[in-house]
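This is what each chain is made of:
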Amino acid sequence: MSTLVEQPCYTLINIPTDTEPLNELQLKQDLEKGDVHTKIEALKKTIYMILSGERLPGLLMTIIRFVLPLQDHTIKKLLLIFWEIVPKTSPDGKLLQEMILVCDAYRKDLQHPNEFVRGSTLRFLCKLKEPELLEPLMPSITACLEHRHSYVRRNAVLAIFTIYRNFEFLIPDAPDLIAKYLEGEQDMSCRRNAFLMLLHADQSKALAYLAACLDQVPSFGDILQLVIVELIYKVCLANPTERARFIRCIYSLLNSPSAAVRYEAAGTLITLSNVPTAIKAAASCYIELVVKESDNNVKLIVLDRLIAMKDSPIYERVLQDLVMDVLRVLGSPALEVRTKTLALAMDLVTNRTVEEMVQLLKKEVLRTAGGEHEDAGRYRQLLVRTLHACSIKFSDVAATVIPVLTDFLSENNEAAATDVLVFVREAIQRFENLRPLIVEKLLEVFPHIRSVKVHRAALWILGEYAISKEDIEAVMNRIRAALGELPLLEAENKRQAGEKSNEDDSEQTVPAQLVTSDGTYATQSAFSTTAEGRKEEKRPPLVQYMMDGDFFIGASLATTIAKLALRYKSLENNPQKSNKLQAEAMLVMSSVLQLGRSGLPTKAMTHDDAERISLCLRSLACPTPLLQKVFTNGCREALGRMLAAKAEEDSQNQKVVYATSS
């Protein structure tokens, strides 16, 4: 069975699809007798055909005779591609005799007075895989190390490196030659290539050179500094006793003007040393990179390195002292960067730094309150969740966070307001000492809430945790103000009758004739005289929700005031006051039922909502101890169990993560 030999992949060239069919005979005539432009086009077509799989052996000698001697630079560029892809061996694997002539042309180009021709030829020689072609050229290649132009010297070093790596027998003394060359070289790109060769070919000579100029490393160019960092990393990893020798050099590179050098130096430093000062220096370098770099991809990559450092207990203790520096990254406008930063800061915050972190996050919340950016709402939501987590993890800061977050309930951003209510619900259940403060802040912001979902959740919290007589009375006052005039159906009929009478008045008003100063008549339009400045009366917010067909808020309202009335009855010793509040609660429920069945709202009340409100009415009309316990304590106890189970699950997850990282 025959085996297929894998051919090397050469330079990729786009071949136009609209080219005419190529003729080998015509190409041969163009290459022989055409002018320079014609020969260029013919050579291009020849390259296209070879890339398409044609061998064209008859054109090789034609190109050597009629194209190779030309000094046109475009032709020389095309010839380098041609020599790269043209088959150089016969079917039996021997080098073609014609390639001897080509080899002589290479030697002449390596001695060409134009530096571009020399440099491009040296780059081309790196791709040759035939030692028979390279052997006669070695003296010319090494002579290019002394050329006056850095472009030639740089590519000469690269050619020597590639030839030494592929065919060491052609230039066995290459490391000594390059080490000697490196001592006198001043151009940074040339030094970089030479040092890179010593790094891979003879590390001892690279180390000797580095030791001789260790104090000058901070003044080197970034391309050379990157190779030096790579050498130090490899040497110290293979031989840990060398760490003390080079650690100072790595420290100095943390202040390099190049961001790439600082990044690599920081990574090398934490690999070589576990000393807290080294870890802190590397972490500070990473943070500065995130803060100062404008590319979001770079920010995310460096943040990932910090997160990876945090997973190690040794590094985590050092990073905890830098949490406020990490929060400087919040100045970035990218939401993904902010998300990772807040997550990292939340993992690093401790009792010593939580106060500072909360103060900074509160400032961020206030700063973004009026933001119009498309991600401003999502960023506020992230801040709310982070403050929520801080308050639950460190209960001492909850009292300072609650007043700031409750202001979000009046925002148009429903997602952020919902997150605030989740936090408020958990905080009011966990921290009994903060319940009066939370109820007070909720009552303050209740009239300004703009979302039905937020109103429902706020009603539930107030119904569950308004447990004193004063709080219950305050909640009932707020609910009455949010409903307006009772009964709701009569108030709505009056409102609609008033609007209709205003429309009728505007239709019946006739134009009035006025006498002007010169004795002529003028007509005044009725549109300018009827009810100017009169504004349409707005419905109270809770009524507007129900008129729009959302009677789930009505059912929530009935449940809330049923809880309040039942709780108030057990607290108030004066039967007259408790009966009054109970009667008022039943009036609200019956008004909601009437309104829902009246046909005035855009959607009728659902059967489930009506059944829920009726159940609340019956619970107040005929209360039993079981009903009172379910309404006043059942939900709160269920929430307590849910939060306890959630806390236990989070604790178990944290233990698993810690055990995995250890």
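Residues numbered from 1 in each chain as written. Predicted model: local features only at pLDDT ≥ 70, side-chain atom pairs only at ≥ 80, totals over all residues. Heavy atoms only, no water.

As recorded in an unreviewed UniProt entry, the chain goes by Coatomer subunit beta and comes from Vespula maculifrons. According to UniProt, the comment filed for the chain under the heading Subunit (unreviewed entry) is "Oligomeric complex that consists of at least the alpha, beta, beta', gamma, delta, epsilon and zeta subunits." (UniProt positions renumbered as here; feature names shortened; annotations may be inferred.)

(A) Seen up close, the overall build of the chain. Counting its regular elements, the chain contains 33 helices and two strands. Evaluated residue by residue, the chain yields a buried proportion of 46% over its 662 residues. If you take every contact in the chain between residues at least 6 apart in sequence, the share linking residues at least 24 apart comes to 67%. For the chain, the exposed area adds up to about 34,400 Å²; of that, 52% sits on carbon and sulfur atoms. (Helix = DSSP H or I, 4+ residues; strand = E, 2+ residues; numbered from the N terminus. Buried < 20%, exposed > 50% of the residue type's maximum accessible area, 1.4 Å probe, protein only. Contact = heavy atoms within 4.5 Å. Areas by Shrake-Rupley, 256 points an atom, 1.4 Å probe, with all protein chains shown as cover.)

(B) Spatial organisation of the side chain of S332. By the secondary structure assignment, S332 is in the loop between α19 (323–326) and α20 (335–348). In contact with S332, not counting residues within four places along its chain, are N296, K299, V337 and R338.

(C) Examining the nonpolar core more closely. If you look at the biggest cluster of nonpolar residues, it comprises 206 residues, and the most contacted ones within it are W83, I141 and F195. The dominant element in this core, judged by the number of residues it contributes, is helix α30 (residues 552–571), at ten residues. In contact with W83, not counting residues within four places along its chain, are L60, I63, I64, L68, K88, M99, V102, Y106 and F124. (Core = buried A, V, L, I, M, F, W, Y, C linked by side-chain atoms within 4.5 Å.)

(D) The arrangement of the packing of helix α22 (residues 376–393) against helix α24 (residues 414–430) in detail. For the pair α22 and α24, the least separation of the axes is 9 Å and the interaxial angle reads 10 degrees. Between α22 and α24, the angle falls in the class roughly parallel. Taking contact as the criterion, the partners of Q381, V384, R385, H388, S391 and I392 in α22 are, on α24, A415, A416, D419, V420, V422, F423, E426 and R430. Of the residues that constitute the contact of α22 with α24, the class distribution is seven nonpolar, three polar and four charged. (Axes fitted to C-alpha atoms, helices over the stretch in contact; angles between N-to-C directions. Parallel < 35°, antiparallel > 145°, perpendicular 65-115°, else oblique. Nonpolar A, V, L, I, M, F, W, Y, C, P; charged D, E, K, R; others polar.)

(E) Representation of the packing of aromatic side chains. Scanning all chains against the criterion turns up seven aromatic pairs. Arranged with centres 5.9 Å apart and planes meeting at 55 degrees, the rings of F195 and Y209 form a pair that is tilted. Residue F195 is found in helix α11 (residues 188–201), and its partner Y209 is found in helix α12 (residues 203–212); the two are separated by 14 residues along the sequence. Among the residues examined, F195 registers a relative accessible area of 1% and is labelled buried. (Phe/Tyr/Trp six-rings, centres within 6.5 Å; stacked < 30°, edge-to-face > 60°.)

(F) Highlighting the environment of A156. You can see A156 is positioned in helix α9 (residues 150–166). Accessibility expressed as a relative area gives 0% for A156, which makes it buried. Setting aside its immediate chain neighbours within four residues, A156 contacts L122, I141, C144 and L145.

(G) Just helix α27 (residues 469–483), in detail. The terminal C-alpha atoms of α27 lie 21 Å apart, and with 15 residues this matches the ideal 21 Å at 1.5 Å per residue to within 8%. All of the buried residues along α27 are I472, V475, M476, I479, A482 and L483. With its buried residues spanning 125 degrees around the axis, α27 presents them on a single face. The exposed residues of α27 that point more than 90 degrees off its buried face are E470 and A481. Note on α27: the residue one or two positions beyond its end, G484, has a positive phi of about 85 degrees. (Expected span 1.5 Å × (residues − 1). Arc of directions from axis to C-beta.)

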